[in-house]
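# Fold and geometry: a report
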Number of protein chains: 2
Amino acid sequence: MSKKLTKRSEDYSKWYNELVVKADLAENSGVRGCMVIKPYGYAIWEKMQAELDRMFKETGHQNAYFPLFIPKSYFSKEASHVDGFAKECAVVTHYRLKNDENGKVVVDETAKLEEELIVRPTSETIIWDTYRKWVQSYRDLPLLINQWANVVRWEMRTRLFLRTTEFLWQEGHTAHATKQEALEEAERMQGIYADFAENFMAIPVIKGTKTEGERFAGALETYCIEALMQDGKALQAGTSHFLGQNFAKAFDVKFATKEGKQEYVWATSWGVSTRLMGALVMTHSDDNGLVLPPNLAPIQVVMVPIYKSEEQLEAISEKADEITKELRDLGISVKYDNRTTHKPGWKFAEYELKGVPLRIAIGPRDLENNVVELARRDNLTKQVINQEGLAVVIKKMLTQIQIDLYQKALNFRDSHITKVDTFAEFEEVLETKGGFVLAHWDGTSETEEQIKNKTKATIRCIPNSPIFEEGKCVFSGKVSTKRVLFAKAY
Amino acid sequence: MSKKLTKRSEDYSKWYNELVVKADLAENSGVRGCMVIKPYGYAIWEKMQAELDRMFKETGHQNAYFPLFIPKSYFSKEASHVDGFAKECAVVTHYRLKNDENGKVVVDETAKLEEELIVRPTSETIIWDTYRKWVQSYRDLPLLINQWANVVRWEMRTRLFLRTTEFLWQEGHTAHATKQEALEEAERMQGIYADFAENFMAIPVIKGTKTEGERFAGALETYCIEALMQDGKALQAGTSHFLGQNFAKAFDVKFATKEGKQEYVWATSWGVSTRLMGALVMTHSDDNGLVLPPNLAPIQVVMVPIYKSEEQLEAISEKADEITKELRDLGISVKYDNRTTHKPGWKFAEYELKGVPLRIAIGPRDLENNVVELARRDNLTKQVINQEGLAVVIKKMLTQIQIDLYQKALNFRDSHITKVDTFAEFEEVLETKGGFVLAHWDGTSETEEQIKNKTKATIRCIPNSPIFEEGKCVFSGKVSTKRVLFAKAY
C-alpha cells in the first residue's frame, strides 16, 4: 500500500479517510457502519481514556458498569428521549439460533423475547431505573458516576471515528439534591472537557450552550465544546447536559430532604467519544500524514540508524541504546527501529505518516561528531544536535511541540471566526472562507431551521461569554441582543 | 439494610448472593440476567484490569477494538464454533422503533435487517475476518492482540458475576506462522493467568488441559486454570485455547512463508472475565463479609476516630492526617472516615463487610499513649501499635496479609484434593467432603458423560504435570495411565 495521501486541498474528505486507514488508526469492518480500531489508533484512545479517567476521579467521580441492553419500556418512559433515539436503535428480538432442515443457521422463532431489548444508544434510562434503588435520602446524594462503554446508534451514512454505528465513549450520570448543584456539575464537566481538549489534545475549543433545537433529547440545557477543523467545518467535541428532573420523574427517583420532604432528584449526563480521534486527526495532521501532540503519541521519539555495513549498525545501535535509556529515564517513550528489512527512507515516511513527534537519525559521521539529526514532525524542520544533553533537549522540545500545535490550531481557529451582519455576507463566508460565523439571531427555532435549510449551517453554540450588543437577526431582521456561532459541522 | 449475612455453613449460595449485594459489588438489573457492577465492585475489577493489561503488554500484546455485532454468516463459518454458541445468542433483527397508531413505541417492521446480527458471545469470527486483511506474509506475523470488551451469552440461570447474560472480559486473539509458536503462546497465557491468580488475587490454581468434551467450541486444545471455592466446588478461572488452523481455514487467512509458499495461519485465543470477581469472593470471604487481598483492595487501610467531644475529634483528626500522609507516601491507599452521622461500631461493621484489609482505630487514650489499635480483616486479630514507624509496619503487614491469604487458600485447596480408586469412594468424597477428586479415567467421552450424569462432577482438567501411573478407570475399570481432576463446578 502506498504511503502517499491525497492532498487536503484536492479532496479533504478523501485525505481524511485515507489517513485514518494508512496511519493504522482504524478501518471499516464487515459489519455495516462498525469500525475496527487498530492497535495504533487504540493506543492513542487509551491515552485519552487514562487522562480523562484521572480528571474524573480527581473531581470525585467513580466508575461503574450498567447493562448493554435496555428494555423497550424503559426507553419509552421519557418522551422526548425516545423521540430522539427511536429512529436509530438496534433491536434485539430473539435469543437463539438453530439449524433449519437444510442445516442452515437461522433465527429460532420459538426463542422470541417477550419484550424487545434496545442496544443502548446512551444509558440515562437504565441508569435512572437503577438510581431509584440507590437514592432514598439526601445522604445518598450526590451520586457521581461514570461508565466507559460501547454504544450503538444506527447511522445511515458513516465515517471512521466521526460517525459510526457502534462507538466507544464515556458517559457520566450524576444525581443531585438541588438544581443549583446539578447545573454546577454540568458546567464543571464542560470545563473539564475544554481543559482536556486544549491542554492535552492541543485542540482549542469554544464553550457554549446549545439552542433548544440542538439539545440532547431529554435535556433542559446542553453545554458543549466546539472545535474547528482544517476544512473550516466545526466539530462538537463533547457535551454535558443539565437534565433537570426529567429522568427522576420518568423513573420515580425521589429523596427525603433534611426537612423530611420528598423531592425529585436533579440530574446531569455528559460524554465524549472516539469521535475525538477524528477531531485529533483533522485538527493537526497534514498532507504527509498524522501529526500527534506529544501527550497523545504512543511513540514520542523514533530513532533510525543510517548505515552501510554491519559494523556501522552495531556502533550506532550501541549509542542508540544509551540514548534510549536516557530518554526513558525522563519518561519519554522511544522506539529504536533497527529493522534491516526496510531502508531509512521507508522508515522516515512511515513515522511521518504515523505522526511520531520527533525523529532521531544517526549515521557513522554523526557518531564521529557526537551529534544526531533531530527532525520535528509538526513543522518538518531538522537540526543537528549534540549527543550530550540530548534527552533534556528532547524533553523541552516535546513540550514546545505541544504548545506550538495548540497555538497553530488556535491561530487558524481565531482567523476563521467571522462577524457578519447581512445574510449575503453570511452565505458568502460559509461558501468561501468557511469556519465559524458570528451573527445575530432572533432566538427562534423557525429562523434557525430556515438558515439550516438554506445554508446547511447550524448554530454550533451560544458562546458562554457572549458580547451583549444590540443587533438585528441576520436572517429575519428581528431584534437580537447577542451574536451566536454558526458553522457547517461534522 | 442489615449488614448481617446468612452464614456460609447455613446456605453457601445465599451467603454469596447477599454478600455481593451488601458489600456493594454488584446487583441485578431490570434486564434479565444482566448485572449492574457498582462503583466498589468496579474499582476492584479496574485493579484486575490494570494488572492484567500490564502483564499482556509486557509480553508484547497490544490492545485493539472489534465490532460488537457479528453477521450471522460469519458466525456460521466455523462449524463447531456455531454449534457451541448458537443456543445462547442475542440476535439483532431490526434497526428502528416507531410510534404505532396508539402512540405506543413498537419495533418498525419496515426496518428489518437483511442479515441478522449476533451480539458477540466471543470474537473469533469477526477478528479472523479482519486478520485476513492484515496478514499477507510471514513478516506480518505474529499478531498479538487483545481486546477489553463486553460479551453476551444468553444464560437461562444466572448468578451475579458467576454467570450473567452480559459480562466484561478480555479476549486475546493471536496469529502465528507455526503450530509450535501458537502452542507456546497458548501455554504462555495460561502461565500468565496462573501467575495473576496466585500472586495478585491470592487464589491458588491448578493448571491443566480440558478433555475434548469440555473444550472451547472450535479449539484443538484448551488450557485452563482451575480454582477451588470454600464450598468445595471448582471454578474455571481462565482459559487459553490453541485453535490450530480452524479459523484461518474458515476465514481463508493465509500467509506467504519465507520460501514463498502459501500456508494457513495458526491461532490462539484466551480470556478471563468478571467471573474472577466471583472467584475472589468465594475464595477469601467469611461470614462477616468480604475479605480482600491488599493488591485488590480499593481502600487498603481505613481509619476510624473514637471520640466523645468535638475537641477530641479535632485532636484525633490532626493525628489521622499525619498518618494518612505517611501511608500515602508509601503508596498505600487510605481512607479516614470522620463522618459524624455514623457511630464507630457501624463503621467497623461496614468496613468489615467491604473487606478493607486493615483498620486503624484512634481514641483519646491512644493519642496520649502515642499508639493506635490496628485490626486485620483476614484473621480478625487486633493489636496496639506505636504511632512511630506505623506506616512501615502497615506496609509489611499488607504484604503479610497477601501471603497469608494465599497460604490459607492453598492449605484449603490441598486438603481438598482426594485420591480415590473406587467409584463408591468417588461418590462419597463428592457428597461429603467435596473438592477435587483425583481419579483414573479411561479417556473416553462416554465415561466422562456417564460420570457427569451420575454425580454432576466433570473433569476439570488433565493436570499439566500428571503423575503417570498404571491404574484402572474409576468408572469403567479400563486401563488408564494417569489420574485426572474431577469436581462439581460453578
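Let me sum up the structure you'll find in this document. These numbers were taken from a predicted model, which means no experiment stands behind them.

Bringing the sheet that holds strand S17 (residues 301-305) of chain A into the picture now. Residues and elements named next belong to chain A. Taken in spatial order, the 5 strands make up an open sheet running S18-S17-S19-S20-S21, and their pairing is mixed. At either end of the open sheet lies a strand with only one pairing partner, and these are strand S18 (334-336) and strand S21 (382-386). Between one strand axis and the next, the sheet turns by 25° as a mean value, whatever way the strands run. As judged from the 5 bridges shared by strand S20 (residues 371-376) and S21, these two strands associate in the antiparallel manner. Paired with Ala375 across the two strands is Lys382, which belongs to S21. Sheet contacts for helix H9 (residues 310-329): S17, S18 and strand S19 (358-362); angle to S17, the most-contacted strand, approximately 170°. Running at roughly 170° to S17, helix H10 (residues 344-353) makes contact with S17 and S19 of the sheet.

Below, the discussion takes up the relation of the copies chain A and chain B. In the superposition of chain A on chain B (RMSD 0.0 Å, axial shift 0.0 Å), the rotation amounts to 180°. These values place the two chain copies in the arrangement generated by a two-fold rotation axis. Considering only C-alpha atoms, the residue of chain A closest to the rotation axis is Val92 of chain A, which sits at 2.1 Å. Take the interface residues of chain A: 100% of them recur as interface residues in chain B, which is what a same-surface contact looks like.

Here we take up helix H12 (residues 390-414) of chain A. Between its first and last C-alpha, H12 of chain A extends 35 Å over 25 residues, near the 36 Å set by a 1.5 Å rise per residue. If you check which residues of H12 of chain A are buried, you get Ala391, Ile394, Leu398, Ile401, Gln402, Leu405, Tyr406, Ala409 and Arg413 of chain A.

Residue and element names in this part refer to chain B. Where helix H2 (residues 39-58) meets helix H6 (residues 179-200), the axes come as close as 11 Å, and the angle between the chain directions of the two elements is 140°. On the basis of their axis angle, the class for H2 and H6 is oblique. Crossing handedness for the pair H2 and H6: right-handed. For the pair formed by H2 and H6, the contact residues are Glu51, Leu52 and Met55 on the first element and Ile192, Phe196 and Phe200 on the second. Here the contact of H2 with H6 is composed, by residue class, of 5 nonpolar, no polar and 1 charged.

Let us now look at unusual backbone geometry. All names here are of chain A. Here Leu141 and Pro142 are connected by a cis peptide whose omega angle stands at -5°. If you check the backbone angles, Leu380 has positive phi at about 60° while not being a glycine. Positionally, Leu380 belongs in the loop between S20 and S21.

Take the interface of chain A and chain B next. Taken together, the contacts link 51 residues of chain A with 51 residues of chain B. Examining the composition of the side of chain A that touches chain B, we find that 4 residues originate from one element, strand S5 (residues 91-94) of chain A, more than from any other. In terms of residue class, the side of chain A that touches chain B is made up of 31 nonpolar, 10 polar and 10 charged. Both S5 of chain A and strand S5 (residues 91-94) of chain B contribute to a ladder of 3 bridges, which runs antiparallel. When the bridges of S5 of chain B are listed, Val91 of chain A appears paired with His94 of chain B.

Strand-to-strand pairing in sheets goes through backbone hydrogen bonds, with the strands running parallel or antiparallel. Residue and element names in this part refer to chain B. Here we have 5 strands laid out as an open sheet, ordered S18-S17-S19-S20-S21, and mixed in their pairing. Two strands lie at the open edges of the sheet, namely strand S18 (334-336) and strand S21 (382-386), each paired on one side alone. Across this sheet, the average inter-strand angle for adjacent strands is 25°, counted without regard to direction. The strands touched by helix H10 (residues 344-353) within the sheet are strand S17 (301-305) and strand S19 (358-362), with S17 carrying the most contacts at an inclination of about 170°.

Reading the values: rules and limits
- Residues numbered from 1 in each chain as written.
- Chains lettered and ligands numbered in written order.
- Predicted model: local features only at pLDDT ≥ 70, side-chain atom pairs only at ≥ 80, totals over all residues.
- Pairing = 2+ DSSP bridges.
- Helix = DSSP H or I, 4+ residues; strand = E, 2+ residues; numbered from the N terminus.
- Axes fitted to C-alpha atoms, helices over the stretch in contact; angles between N-to-C directions.
- Contact = placed C-beta atoms within 7 Å.
- Least-squares fit on C-alpha atoms with pLDDT ≥ 70 in both.
- Expected span 1.5 Å × (residues − 1).
- Buried ≥ 20, exposed ≤ 12 C-beta atoms within 10 Å, placed from the backbone.
- Parallel < 35°, antiparallel > 145°, perpendicular 65-115°, else oblique.
- Left-handed = near helix turned anticlockwise from the far one by under 90°.
- Nonpolar A, V, L, I, M, F, W, Y, C, P; charged D, E, K, R; others polar.

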